[in-house]
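# Tertiary structure, described
Listed below, chain by chain, are the residues.
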Amino acid sequence: MPLFNPKTDTFDEFDPKTRELLAATVEFFETKGKEKLVADGYSDRWYDDWMQFLADSRVLAYLATPTAHADGDPDKRWDTARIAKFNEITGFYGSAYWYAWGVSTLGLVIIYSSENALAHKRAAAELDRGGIIGFGLSERDHGADIYATDMLLTPDGNGGFTATGGKYYIGNGNVSRIIPTLARRTDLDGPDAYVWFIVDSQHPNYRLRKNIIHGQNFVSAFDLEDYPVAAEDVLHTGPRCFDVALAAVNCGKFNIGMVAAGIAQHCFYETINQASSKILFGHPVTEFGQVRRILTDSYLRLTAGRLYHHRAIDYMRSGTPEDRRFVMFNSIAKMKVSREAERVVTELLDVISARGFERDSYFDGARSIIASMPRLEGTAHVNMALTLKFMPSYLLNPGQLPPVPVRRDTASDDALFNQPAAQGLSKVRFADWRPAYQPFAQLPNVAAFVEQAEALGRLATQAPPTQQQLTDLDYLLAVGDLFTLIPYGQLIVEQAKIEGTSSDIVDSIFEVLVRDFSAFALDLHSKASSTQAQQDWALSVIRKPVIDAERSTRVYGEVCSHAGEYQMNP
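What counts as what
Residues numbered from 1 in each chain as written. Predicted model: local features only at pLDDT ≥ 70, side-chain atom pairs only at ≥ 80, totals over all residues. Heavy atoms only, no water. Domains from an automatic or database assignment. Contact = heavy atoms within 4.5 Å. Buried area = accessible area lost by both parts, 1.4 Å probe. Salt bridge = Lys/Arg side-chain N within 4 Å of Asp/Glu carboxyl O. Helix = DSSP H or I, 4+ residues; strand = E, 2+ residues; numbered from the N terminus. Buried < 20%, exposed > 50% of the residue type's maximum accessible area, 1.4 Å probe, protein only. Expected span 1.5 Å × (residues − 1). Polar contact = N/O pair within 3.5 Å; in protein donor to acceptor, adjacent residues only side chain to side chain. Core = buried A, V, L, I, M, F, W, Y, C linked by side-chain atoms within 4.5 Å. Pairing = 2+ DSSP bridges. Axes fitted to C-alpha atoms, helices over the stretch in contact; angles between N-to-C directions. Phe/Tyr/Trp six-rings, centres within 6.5 Å; stacked < 30°, edge-to-face > 60°. Lys NZ or Arg CZ within 6 Å of the ring centre and 35° of its normal.

### Some remarks on the domain arrangement of the protein chain
Taken domain by domain, the protein chain consists of domain 1 (16–129), domain 2 (152–242) and domain 3 (432–569). Using only C-alpha atoms to locate each centre, domain 1 and domain 2 end up separated by 23 Å. Facing the 24 residues of domain 1 at the interface are 23 residues of domain 2. Overall, the association of domain 1 and domain 2 removes approximately 1900 Å² of surface from exposure, summing both partners, and the carbon and sulfur fraction of that is 57%. If you look at where domain 1 meets domain 2, you find one salt bridge.

### Some remarks on the pattern of salt bridges
Side chains bearing opposite charge may pair, as long as their charged atoms lie close to each other. The full count for this structure, using the stated rule, is 50 salt bridges. Put simply, R375 and E342 hold a salt bridge, and the shortest N to O gap is 3.3 Å. Linking R375 in the loop between α11 (362–369) and α12 (380–388) with E342 in helix α10 (residues 325–352), this pair joins segments that are 33 residues apart in sequence. Judged by its relative accessible area of 47%, R375 falls in the partly exposed class.

### Remarks on helix α9 (residues 289–318)
For α9, spanning 30 residues, the distance from its first C-alpha to its last is 44 Å, which sits close to the expected 44 Å at 1.5 Å a residue. In terms of residue burial, α9 counts as a mostly covered element, since 26 of its 30 residues are buried.

### Notes on the environment of S113
Mapped onto the secondary structure, S113 falls in the loop between α6 (95–112) and α7 (117–129). Note on S113: relative accessible area 9%, which makes it buried. Considering only alpha carbons, one finds S113 and Q419, 306 residues apart in sequence, at a separation of 8.4 Å. Here S113 is in contact with H236, R240, V244 and F417, once residues within four sequence places are set aside. A polar contact of 3.2 Å, which involves the side chain of S113, links it to the backbone oxygen of I110.

### Overview of the nonpolar core
Ranked by size, the top nonpolar core spans 168 residues in total, and within it W50, W196, Y308, L456, F510 and W537 carry the most contacts. Ranked by residues supplied to this core, first place goes to helix α8 (residues 240–276) with 19 residues. Listed in part, the 16 residues of the second largest apolar core include M151, F161, A183 and V199.

### Some details on the sheet that holds strand β1 (residues 152–155)
Pairing within the open sheet is mixed, and its seven strands lie in the order β5-β6-β2-β1-β3-β4-β7. The open sheet has two free edges, formed respectively by β5 (206–211) and β7 (234–237), since each of these has just one partner strand. Adjacent strand axes in the sheet meet at a mean angle of 25 degrees when their direction is disregarded. Taken together, the eight bridges between strand β2 (residues 161–171) and strand β6 (residues 219–229) define a ladder with antiparallel strand orientation. Directly across from G171, in β6, lies its bridge partner V219. Against the sheet, α8 contacts β3 (179–185), β4 (194–199) and β7, and its axis sits at roughly 55 degrees relative to β4.

### Let's talk about the pairing of β6
As paired elements, β5 and β6 share five bridges and run antiparallel to each other. Counterpart to K210 in the pairing with β6 is A221.

### Re the packing of aromatic side chains
Across all of its chains, the model carries 38 aromatic pairs by this definition. Look at W78 and W101: their rings are 6.4 Å apart centre to centre, the planes differ by 40 degrees, and that puts the pair in the tilted class. Here W101 lies in helix α6 and W78 lies in the loop between α4 (59–64) and α5 (80–93), a separation of 23 residues in the sequence. Overall, the relative accessible area of 4% leaves W78 in the buried class. Take W101: its relative accessible area is 1%, and that puts it in the buried class. One cation-aromatic arrangement involves K336 over Y488; the distance from NZ or CZ to the ring centre is 5.6 Å. Lying across the ring of Y42, R359 places its NZ or CZ 4.2 Å from the centre.

Spelled out as structure tokens, the structure:
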């Protein structure tokens, strides 16, 4: 899988309208140019030019209008595949630009998963107008805790309410005419008291307090003061409020991986361009062993993350109430791909060095924002804890499930708006992971990794957790790091087979994963609570990956071939 290059990518996997929209998005940024892009990033000014582009192109209307509300327009749909590519493009040029869209997806899932037909039409019309949507969940004292809110609804006696309270960390809260907002009624207790309703930022009883960040995007704090809520503004009531909040986050967090990958890829281009032309102590920087390792590892981690995410799209699009494998793969996409991108940017900084801190570089702005990616829409640790719920079923109780096809068709992924309740995730079934690795079983590092993976299945019987460890999140997260690598690797090899990825790249990716598995095993060994049996198990699975100097040379040649391949218009 080649890196994304906006100047050469023709988006051939998509239909003509999608190609047009994605190409127009690239053209917007390349016409703007790097100098203006970077300068605007430091300005903290609201990006009116981006809002104008979104309105003129109606790109969000095409990307985020389900077929049922498209008025017969065949090019409007909620298509996870093209959404992922839009995320990668906007991340590539700056996550602030993605943010307006990313927040909109959260709010739209709340709306489209409701039975409020009028709200559906309002949302579709707002997107067609060029508007963006908000998402009113978080509060300063409670964060994104869906069970705690100080936004209060008082019945008005006419079937509606008045709302009073504040929200914090609310994206797009400066301009959104539609902000789905969570509150609780004053006349009820328990889960029945919760309500999702629509707020308009232009209403006189809406008080916009401030942008809580420095940036072009707007992360608002706002208060409602006796804000009138009509019956037609209500989207969800009772326990259903919790399920749709989680469904929104499930959809929204799938954005994050490709945004982070886009950021890291642009940083890679800047780094390889600089390193390839720099002479230090009489030698090209790219000849230094440390630089070679960092550039190779970064390239492989980016390639692995993109392979994983492209395959995870198929599971997202093929999910049903009976087949919920996508929930785990979604969490891993958010948690693992974004963490890998953060790691890449951090390590590349040792190569690009001082250049990465200069104001006219893309890298300088990227390094300050990349750390947020694993921590949006639920931290990496929250998603790791969610992933652990699937571990017994995935490792020990595989089922007979149909293979998931490649999904780049033009269907609208409306099933995402009808997700079942969040309970019962531990009962989700997975197909046996082993057959996915078979096409690459002859590669030495794939074989070594499969050996490690098989050993993890024996951890529970050879060195079971103590009762104390079952509630020790620090210990469980260490196990989660080990477990996550197995489904991560599964989707990597599935996509590698689909794309015909070279054996050199696949074996090199698994050289990295064998090394990572060993590092995570050593971390488990070092935990304060680890038992002697667990320590023995951890040491038994540590492997040195198989090093092939000729393969490494070929892969590094591919890495260096990207020097000068992309540079943003000035």
